[in-house]
Amino acid sequence: MTTPTTPASGGKLTFAVPKGRILDEALPVMARAGIVPDPAFHDKANRSLSFDCDAAQSAWDMRIIRVRAFDVATFVAHGAAQVGIVGSDVIEEFDYDDLYAPVDLDIGHCRLSVARLAGDEQAENGASHLRVATKYPNLTRRHFEAAGVQAECVKLNGAMELAPSLGLSRRIVDLVSTGNTLKQNGLVETSRILDISARLIVNRAALKTDTRIAQLVDAFRRDAEARRAAASGSAEQNTRSSSASGSAEQDAA
Ligand code: PRP
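Residues numbered from 1 in each chain as written. Predicted model: local features only at pLDDT ≥ 70, side-chain atom pairs only at ≥ 80, totals over all residues. Heavy atoms only, no water.

Novice: I keep staring at the sheet that holds strand S5 (residues 99-104) and nothing clicks. Help me out?
Specialist: Paired through backbone hydrogen bonds, the strands of a sheet run either parallel or antiparallel to each other. As summarised here, the arrangement of the six strands in space is S2-S3-S1-S4-S11-S5, forming an open sheet in which the pairing is mixed. With one partner strand each, in any of the chains shown, strand S2 (50-52) and S5 form the two edges of the open sheet. On average, each strand axis in the sheet is inclined to that of its neighbour by 30°, with strand direction left out of account. As paired elements, strand S1 (residues 13-18) and strand S3 (residues 62-67) share six bridges and run parallel to each other. If you follow phenylalanine 15 over to S3, its bridge partner there is isoleucine 64. (Pairing = 2+ DSSP bridges. Helix = DSSP H or I, 4+ residues; strand = E, 2+ residues; numbered from the N terminus. Axes fitted to C-alpha atoms, helices over the stretch in contact; angles between N-to-C directions.)

Novice: Would you explain the sheet that holds strand S10 (residues 187-196) in this entry?
Specialist: The strand order across the open sheet formed by five strands is S8-S7-S9-S6-S10, and the pairing between neighbours is mixed. Two strands close off the open sheet at either side, each with one partner strand: strand S8 (150-155) and S10. With direction set aside, neighbouring strand axes in the sheet form an average angle of 30°. Sheet topology places strand S7 (residues 129-134) next to S8; six bridges connect them, and they run parallel. Within the sheet, the bridge partner assigned to alanine 133 lies in S8 and is valine 154. Sheet strands touched by helix H4 (residues 137-146): strand S6 (110-117), S7, S8, strand S9 (171-176) and S10. Its angle to S8, the strand with the most contacts, is close to 160°. (Contact = heavy atoms within 4.5 Å.)

Novice: What should I look at first to understand helix H2 (residues 69-77) in this one?
Specialist: It helps to recall that an α-helix has 3.6 residues per turn; residues three or four apart then point in one direction. Regarding H2, the residues found buried are Phe70, Val72, Ala73, Val76 and Ala77. Down the axis of H2, the buried side of the element spans an arc of 155°, and every buried residue falls inside it. Within two residues after H2, glycine 79 carries a phi angle of roughly 80°, on the positive side. (Buried < 20%, exposed > 50% of the residue type's maximum accessible area, 1.4 Å probe, protein only. Arc of directions from axis to C-beta.)

Novice: For this particular structure, what's the right way to read the site of the ligand?
Specialist: Taken together, Arg21, Lys135, Gly158, Glu161, Asp174, Leu175, Val176, Ser177, Thr178, Gly179, Asn180 and Thr181 make up all the residues around the ligand. Within the side chain of threonine 178, an N or O atom sits 2.5 Å from an oxygen atom of the ligand. Contact distances for the ligand include 2.4 Å between an oxygen atom and a side-chain N or O atom of threonine 181. Because more than half of its atoms lie within 2 Å of the grid, the ligand is assigned to the largest pocket. For the shell around the ligand, the secondary-structure elements that each account for two or more residues are S9 and helix H5 (180-184). Considering every element that reaches the shell around the ligand, the biggest residue donor is S9, with three residues. (Near = heavy atom within 4 Å. Polar contact = N/O pair within 3.5 Å; in protein donor to acceptor, adjacent residues only side chain to side chain. 1 Å grid on protein atoms, 1.4 Å probe; cavity = no way out; pocket = protein on both sides within 12 Å on 5 of 7 lines; lining within 4 Å. Sits in = over half its atoms within 2 Å of the grid points.)

Novice: What's the story with H4 in this structure? I'm lost.
Specialist: Listing the buried residues of H4 in full gives Pro137, Leu139, Thr140 and Phe144. Seen end-on, H4 carries its buried residues on one side only, within an arc spanning 165°. Residues Glu145 and Ala146 are exposed on H4 and point more than 90 degrees away from its buried face. Against the buried residues of H4 lie helix H3 (88-94), S6, S7, S8, S9 and S10. Downstream of H4 by one or two residues, glycine 148 has phi in the positive range, about 75°.

Novice: Even after reading the chapter, I still don't get the packing of aromatic side chains, so can you show me in this structure?
Specialist: Think of a pair of aromatic rings as described by two things: how far the centres are apart, and how the planes are tilted against each other in angle. Here the structure, examined in full by the defined rule, presents five aromatic pairs. When the ring of phenylalanine 41 is compared with that of phenylalanine 51, the centres are 5.2 Å apart and the planes differ by 75°; the resulting orientation is edge-to-face. Here phenylalanine 41 is found in the loop between helix H1 (21-32) and S2, whereas its partner phenylalanine 51 is found in strand S2, with 10 residues between them in sequence. Neither phenylalanine 41 nor phenylalanine 51 differs from the other in exposure class; each is buried. (Phe/Tyr/Trp six-rings, centres within 6.5 Å; stacked < 30°, edge-to-face > 60°.)

Novice: Which parts of the structure should I look at to understand the confidence of the model for the protein?
Specialist: In low-pLDDT segments, the atomic positions of the prediction should not be examined closely. Per-chain confidence: the protein averages 90 in pLDDT, with 89% of residues scoring 70 or above. Contacts of residues 247-253 to residues separated by more than four positions or lying in other chains number zero contacts, the stretch itself having pLDDT below 50. (pLDDT = per-residue confidence, 0-100.)

Here it is, written out as structure tokens:
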């Protein structure tokens, strides 16, 4: 793959963020790393796809692009964006050599699972070939292959949950978070392929040639470590206070 070694247009770095659910959790993380998009980014009527940073609130002068999650990986792998945030599902599905995912941001937690219609018990029994609707053909084939089943993937870009009831496929492989979408469409989860969280991704060549990328990685890594330390500190605190209240109850008994 040919990778630009310097960012296009005037040396500004480009940061790719995904549309959709991860974004709400990603924006505060980006802000703590010094990246705050211009107010136009939040204006739903604005059809721009590329935004500046808010100069008053940002430590960086960067371009921020908002694209589909799969395209975040593609822009960064090709060096058209140097940095981005994307779910580990997308990283695993593409397996791009030029992508490096140095920081687990510990946000956007969900899972990639196999599901079928609740009444379709037969689907479990010894099939050597199954049709599966999914956005993730590579991960799906790999998962079923390991169980000796050949998966014929029907590529859909959304609303996978419709496929079994309309006879398009026996199974689906899709993201599950609360499980509400499966439930409301009469589906049950049969196995979990991957636990997912959002990662900071960088273009490998840009990391080697541009010192700003390493500084950005450090800023995101420090923030993720601080959040983990705070979370484990408060878990420890809770354990201590519940065992303290436990002994108070025993004392009172
Ligand atoms: C995702 C996923 C499921 C749903 C699962 O879709 O594809 O449909 O979320 O979430 P739940 O378990 O909390 O119900 P999303 O809403 O992100 O839209 P998309 O279909 O455009 O990917």
